[in-house]
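Here is what each chain is made of, one letter per residue.
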Amino acid sequence: MKTMATVLATAVVAFAAAVPAQAQAPASSPTLDAVKARGFVQCGANGSVAGFGMPNAQGVWTGLDVDSCRAVAAAVFGDATKVRYTALTAQQRFTAIQSGEVDILARNTTWTLSRDTSLGLDFVGVNFYDGQGFMVKKSANIKSAKELNGATICVQPGTTTELNLADYFRANRIRFTPVVIERLEENIAAYLAGRCDAFTTDVSGLASVRASNTPVPADHVILPEVISKEPLGPSVRHGDQRWADIVRWSLAAMVEAEEIGLSSTNIDSQLNSTNPAIQRFVGATGGLGAMMGIDNKWAYNIVKQVGNYGESFTRNVTPLGIERGVNNLWTNGGIMYVPPVR
Ligand SMILES: N[C@@H](CCC(=O)N[C@@H](CS)C(=O)NCC(=O)O)C(=O)O
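Residues numbered from 1 in each chain as written. Predicted model: local features only at pLDDT ≥ 70, side-chain atom pairs only at ≥ 80, totals over all residues. Heavy atoms only, no water.

Caption draft 1: Layout of the pattern of salt bridges. Applying the stated criterion to the full structure yields nine salt bridges. The salt bridge partner of Asp 103 is Arg 38, with a shortest N-O separation of 2.8 Å. Pair noted here: Asp 103 is in the loop between α4 (93-98) and β5 (104-105) and Arg 38 is in helix α2 (residues 30-38), with a separation of 65 residues, a long-range link. When its relative accessible area of 33% is taken as the criterion, Arg 38 is described as partly exposed. A single salt-bridge network, built from bridges that share partners, covers Asp 67, Arg 70 and Arg 315. (Salt bridge = Lys/Arg side-chain N within 4 Å of Asp/Glu carboxyl O. Helix = DSSP H or I, 4+ residues; strand = E, 2+ residues; numbered from the N terminus. Buried < 20%, exposed > 50% of the residue type's maximum accessible area, 1.4 Å probe, protein only.)

Okay, here's the thing in structure tokens:
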């Protein structure tokens, strides 16, 4: 006798055979239309975290998050420079994306259920797997977060950091006093002046602050405890799926390029490759760009102009003293894994 599951499976197979999957014409995207009409992508970025998003003295923005926006500009316009940036604090960032002030939020933002649902966002992937940590002055001779009993701790509002901090201390029955300050610069000033015993944020943020905002980086230590999961990644407004597709696959293309050995320096020499994965990637076959309503050379343009994920990491994040670690490709012992670009 056939079980119900077998009957259902047979029916599904029969249905699939009778109705071949049809490719759909790219749906319209209000965001893509607006971006094209305007001539640039408006990117909601950090502004003060070196390695992730910050303008230099000449006003040129760099960072791992900035590269997510540059990749989208390369995909849409064939020109990674067609981006303008809005510097956003933690508290400003969600309103900026919800209201349409920016097209992409690429600002060391943790993908959580509540943000993905009740804030009306769509996270499109992860560009940095992070976790929350603590930084203290070396002179305090503290070796573990568990020794922070009675400490005052500087923290930024509107972040996952605030909640994790409370959870961790409650779970470990440690008392602490939060000092909540909106601006990063003022947090750092308060920490350096001794108003807080510790500063807490994502470990990448701590490394960035230590490297670029402290007079003597070696005077500060990041404690070994990592108290949360902070998968950071770009997001878009909920409801414009075609735009989400473009941003999602622009990020994925950078990771896929690294996986298949394509970089900004070798991609031109691979344009006539007979490797089917490379042919598809550079747009010689497959028509992947057209499926999203953009140029078939979208991924070529990303890699040529922005680089693969590893190149972006080395350029932006390695100088902060952060190792590749879990952000290595899955083929290299990390967890950076994207669905196939095909
Ligand atoms: N990943 C966390 C924290 C992100 C965050 O805002 N970190 C701070 C500390 S590094 C920051 O970027 N501050 C920069 C600013 O506010 O200008 C989140 O999404 O809530």
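Caption draft 2: A look at the sheet that holds strand β9 (residues 151-155). Ordered in space as β10-β9-β11-β8-β12, the five strands form an open sheet in which the pairing is mixed. The open sheet has two edge strands, β10 (176-180) and β12 (220-222), and neither has a second partner. Ignoring which end each strand starts from, the neighbouring axes of this sheet average 30° apart. Examined bridge by bridge, strand β8 (residues 132-137) and β12 share three bridges and lie antiparallel to one another. (Pairing = 2+ DSSP bridges. Axes fitted to C-alpha atoms, helices over the stretch in contact; angles between N-to-C directions.)

Caption draft 3: Representation of the environment of Lys 82 in the model. Among the structural elements, Lys 82 can be located in the loop between α3 (64-77) and β4 (83-87). Between the C-alpha atoms of Lys 82 and Asp 122, which are 40 residues apart in sequence, the distance is 23 Å. With residues up to four places along the chain from it excluded, the contact list for Lys 82 reads Gly 39, Phe 40, Val 41, Ala 73 and Phe 77. (Contact = heavy atoms within 4.5 Å.)

Caption draft 4: Fine view of the site of the ligand. The environment of the ligand is made up of 20 residues, and the closest members are Ser 48, Arg 93, Thr 110, Gln 156 and Asp 202. Measuring from an oxygen atom of the ligand, one finds a side-chain N or O atom of Arg 115 at 2.8 Å. Burial of the ligand by the surrounding chains reaches 98%, relative to a free accessible area of 510 Å². Sorting the residues of the shell around the ligand by element identifies α6 (160-171) and β11 (198-202) as the ones contributing at least two each. Tallied by class, the residues present in the shell around the ligand amount to four nonpolar, twelve polar and four charged. (Near = heavy atom within 4 Å. Polar contact = N/O pair within 3.5 Å; in protein donor to acceptor, adjacent residues only side chain to side chain. Areas by Shrake-Rupley, 256 points an atom, 1.4 Å probe, with all protein chains shown as cover. Nonpolar A, V, L, I, M, F, W, Y, C, P; charged D, E, K, R; others polar.)

Caption draft 5: Structural context of the packing of α3 against helix α13 (residues 309-316). Two elements in contact, α3 and α13, have axes whose closest approach is 9 Å; the angle formed by their N-to-C orientations is 140°. Between α3 and α13, the crossing angle belongs to the class labelled oblique. The way α3 lies across α13 gives a crossing that is right-handed. Here α3 contributes Leu 64, Asp 67 and Arg 70 to the contact with α13, which in turn contributes Tyr 309, Ser 312, Phe 313, Arg 315 and Asn 316. Considering only residue class, the contact of α3 with α13 consists of three nonpolar, two polar and three charged. (Parallel < 35°, antiparallel > 145°, perpendicular 65-115°, else oblique. Left-handed = near helix turned anticlockwise from the far one by under 90°.)

Caption draft 6: Structural context of the nonpolar core. Of all hydrophobic cores here, the largest spans 71 residues; its most connected members are Phe 128, Trp 243, Phe 281 and Trp 298. Domain assignment of the residues forming this core places at least three in each of domain 1 (30-129 + 232-332) and domain 2 (132-228). Residues within four places of Phe 281 in sequence aside, it is in contact with Ala 253, Glu 256, Ala 257, Ile 260, Leu 262, Ile 267, Ala 299, Tyr 300, Val 303 and Val 341. Residues Ile 142, Ala 145, Leu 148 and Phe 169 belong to the second largest nonpolar core, which totals 15 residues. (Core = buried A, V, L, I, M, F, W, Y, C linked by side-chain atoms within 4.5 Å. Domains from an automatic or database assignment.)

Caption draft 7: Expanded view of the state of the cysteines. Counted under the stated rule, the structure contains two disulfides. In this model, Cys 43 is linked to Cys 69 through a disulfide, with the two sulfur atoms separated by 2.0 Å. On the S-S bond that ties Cys 43 to Cys 69, the torsion sits near 70°, and the link is right-handed. In this pair, Cys 43 sits in strand β1 (residues 41-45) while Cys 69 sits in helix α3, placing the two residues 26 residues apart along the sequence. (Disulfide = S-S within 2.5 Å.)

Everything listed here is a matter of geometry and, on its own, says nothing about what the molecule does.
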